[in-house]
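Reading the structure
What follows is each chain in one-letter form.
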Amino acid sequence: MKRCIFLLLCLPLLSCQKKHPETEGQTGRDGMHTDSIYYARGFRIESYDDFKLVSIENPWHTNKRLQNYLLIPKNRDVPANLPEGIVVRTPLERTVVFSSVVCSILNELGALPALTGVAEPEYVDIPAVQTGIADGTIQNIGQASHPDIEQLILLAPEAMITNPVNEAGAGSLGKLTAPAIPCLEWMENHPLGQTEWIRLFGLLFDKQALADSLFLATVRSYNDLKRLTDTVSVRPSVFTEKKYGDFWYMPGGKSYFAYFLQDAGANYVFGDNTETGSVPFAFETILDRAGQADYWLFKYYSPREITYRQLAAEYANYTLFDAFKNRTVFACNTLKTAYYYQDLPLHPDWILRDLIAVFHPDLLPWYRMRYYFRITE
């Protein structure tokens, strides 16, 4: 839950790298191949004859690199004269993960048997993980921000897949010798950039062909949906989220959710903004920009479905928006649709389909929405 709230307030900070996933890898000097990365900006892969070099970029300081990892198959000797980096023997067979998203990636790759520990399992909506927690084959290591170090020592993982929310959390964990590999898919600013991180996990768990296949299938599905809206004659205006404390945090105009709205055939009222992260605005600015917007979308976390009456009671000025008056408010309850944050990086095409159904229901007449629903009185 803590990470879900953080996602709302701190959207990805990186910009999109646009390529076409049709050619794979180019040969360089000394037996090195640079594997093409199409949308992600947070990692790069270089393939050598005896190992792969995975570089994790630093999203908080873009002129720096967080870490290099040298992926060496277990059935090969460690080569001499390796470049600087942390050695990881693959495939991983004993792994601890710190987020539900990584659990979902392992589930997609059929790599859950390698999972021995997970942080905050109560937020993992995967039956096999819950079964493992119940029978003891998967251990609860506590909170992602403060894991049980003694439990981690006992588990003796070969690697820990972490989800740091700042640079300080991206390093090693105290006494532990197992490498900590940060998964920063949520820092990508394009939906398909988040998806592409599955390719990194394909390398770690010897599932490269499957990972590439799943990624390309998602790219095709996403782009097929996007093409449905390329020629729409009307793009309804939309704004997102709700007031939080003294500010209203809106996705920057170059954030992943801004891409979602654009690709769904909508006109985001802050589309001219150049930020890739979440941007705080005063209420008056939001009302000025979005007061006459056609739609209002937001996410919330509650055991009860939100209503127009509750919105008005929460903050009376919500009633000033045309979307409120015209009853064109759609919301995603991330408690009842707990899989939203698990699906977001792996299946952005599913979320895009929902958004298209909001703005252009005639394009998907038989589709039943999965995440966003029109709120009631």
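All residue numbers here refer to positions counted from 1 along the written sequence of the relevant chain. Restriction of local features to residues with pLDDT of at least 70 applies here, the model being predicted, together with a cutoff of 80 or more for giving and counting side-chain atom pairs; totals for whole chains, interfaces and linings are based on all residues. The basis for every side-chain value is the complete set of non-hydrogen atoms in the structure, without hydrogens or water.

1. What about the nonpolar core?
Counting 101 residues, the largest nonpolar core has F201, F239, W296, F359 and Y372 as the members making the most contacts within it. Runs of E in the DSSP output that reach at least two residues are strands. Runs of H or I that reach at least four are helices, and both are numbered from the N terminus. The dominant element in this core, judged by the number of residues it contributes, is helix α13 (residues 348-359), at 7 residues. Residue contacts are defined here by distance: any two heavy atoms, one from each residue, within 4.5 Å place the two residues in contact. In this structure W296 touches F239, T240, E241, K242, W248, L311, Y318, A323, F324, T328, V329 and F330, once residues within four positions along its chain are discounted. V96, A119, L155 and L176 belong to the second-largest nonpolar core, a separate cluster that totals 11 residues. Note on terminology: a nonpolar core comprises buried Ala, Val, Leu, Ile, Met, Phe, Trp, Tyr and Cys residues joined through side-chain atoms within 4.5 Å. Between buried and exposed lies partly exposed: a residue is buried under 20% and exposed over 50% of the maximum accessible area for its type, with that area taken using a 1.4 Å probe on protein chains only.

2. Things to note about the side chain of H360
Among the structural elements, H360 can be located in the loop between α13 and β19 (373-374). The contacts of H360, once residues within four sequence positions are left out, are T229, V232, V234, P236, A264 and G265.

3. Describing the pattern of salt bridges
In the sections that follow, a salt bridge refers to a side-chain nitrogen of Lys or Arg positioned within 4 Å of a carboxyl oxygen of Asp or Glu. The final tally for this structure, using the stated rule, is 15 salt bridges. Of the charged contacts in the structure, one is a salt bridge between D212 and R199, with a shortest N-O distance of 2.9 Å. Placement of the pair is D212 in helix α7 (residues 208-229) and R199 in helix α6 (residues 197-204), with a sequence separation of 13 residues. By the burial criterion, D212 is buried, and R199 matches it. Residue K242 pairs with E314 through a salt bridge whose shortest N-O separation is 3.0 Å. Highlighted residues: K242 in the loop between β12 (237-240) and β13 (243-244) and E314 in helix α10 (residues 308-314), separated in sequence by 72 residues.

4. As for the confidence of the model for the chain
Per-residue confidence for the chain gives a mean pLDDT of 90, with 89% of residues at or over 70. Scored from 0 to 100, pLDDT records how confident the predictor is in each individual residue. Low confidence marks residues 1-18, where pLDDT is under 50. Its contacts with residues over four positions away, or in another chain, come to 64 contacts.

5. A look at the pairing of strand β18 (residues 329-333)
Across the 5 residues that make up β18, a large majority, 5, are buried. Burial of β18 is two-sided: the residues V329, A331 and N333 facing one way and the residues F330 and C332 facing the other way are all buried. The pairing of strand β17 (residues 295-300) with β18 spans 5 bridges and is classified as parallel. Note on β18: the bridge partner recorded for L297 is F330. We call two strands paired when DSSP finds no fewer than two bridges between them. Sheet topology places β18 next to β19; 2 bridges connect them, and they run antiparallel.

6. A short note on the packing of helix α2 (residues 100-109) against α6
Where α2 meets α6, the closest approach of the two axes is 10 Å, and the angle between their N-to-C directions is 65 degrees. Like other packed secondary-structure pairs, α2 and α6 cross with a definite hand, here right-handed. Counted together, V102, I105, L106, E108 and L109 of α2 and I198, F201 and G202 of α6 form the full contact between these two elements. Looking at side-chain class alone, the contact of α2 with α6 contains 6 nonpolar, 1 polar and 1 charged residues. Interaxial angle, 0 to 180 degrees, is taken between N-to-C directions of lines fitted to C-alpha atoms, where a helix line uses only the stretch in contact. By the definition used in this description, the sense in which the near helix is turned from the far one sets the handedness, with an anticlockwise turn below a right angle giving left-handed and a clockwise turn giving right-handed. Throughout, the ten residues Ala, Val, Leu, Ile, Met, Phe, Trp, Tyr, Cys and Pro are labelled nonpolar, Asp, Glu, Lys and Arg are labelled charged, and all others, Gly among them, are labelled polar.

7. Some remarks on the environment of D50
Structurally, D50 can be placed in the loop between β3 (43-47) and β4 (52-57). A relative accessible area of 40% places D50 in the partly exposed class. Setting aside anything within four residues of it in sequence, one finds D50 in contact with I72, P73, R76 and P79.

8. Some remarks on the pairing of β17
With 6 of 6 residues buried, β17 is to be regarded as a mostly interior element. Where β12 meets β17, 3 bridges bridge the pair, whose relative direction is parallel. Note on β17: the bridge partner recorded for F239 is W296.

9. Quick notes on unusual backbone geometry
In this structure, P91 follows T90 across a cis peptide bond, with omega equal to 0 degrees. As for its placement among the helices and strands, P91 is situated in the loop between β6 (86-90) and β7 (95-97). Phi is positive for D206, which is not a glycine, with a value near 55 degrees. Locating D206 in the fold gives a position in the loop between α6 and α7. The exposure class assigned to D206 is exposed, which follows from its relative accessible area of 59%.

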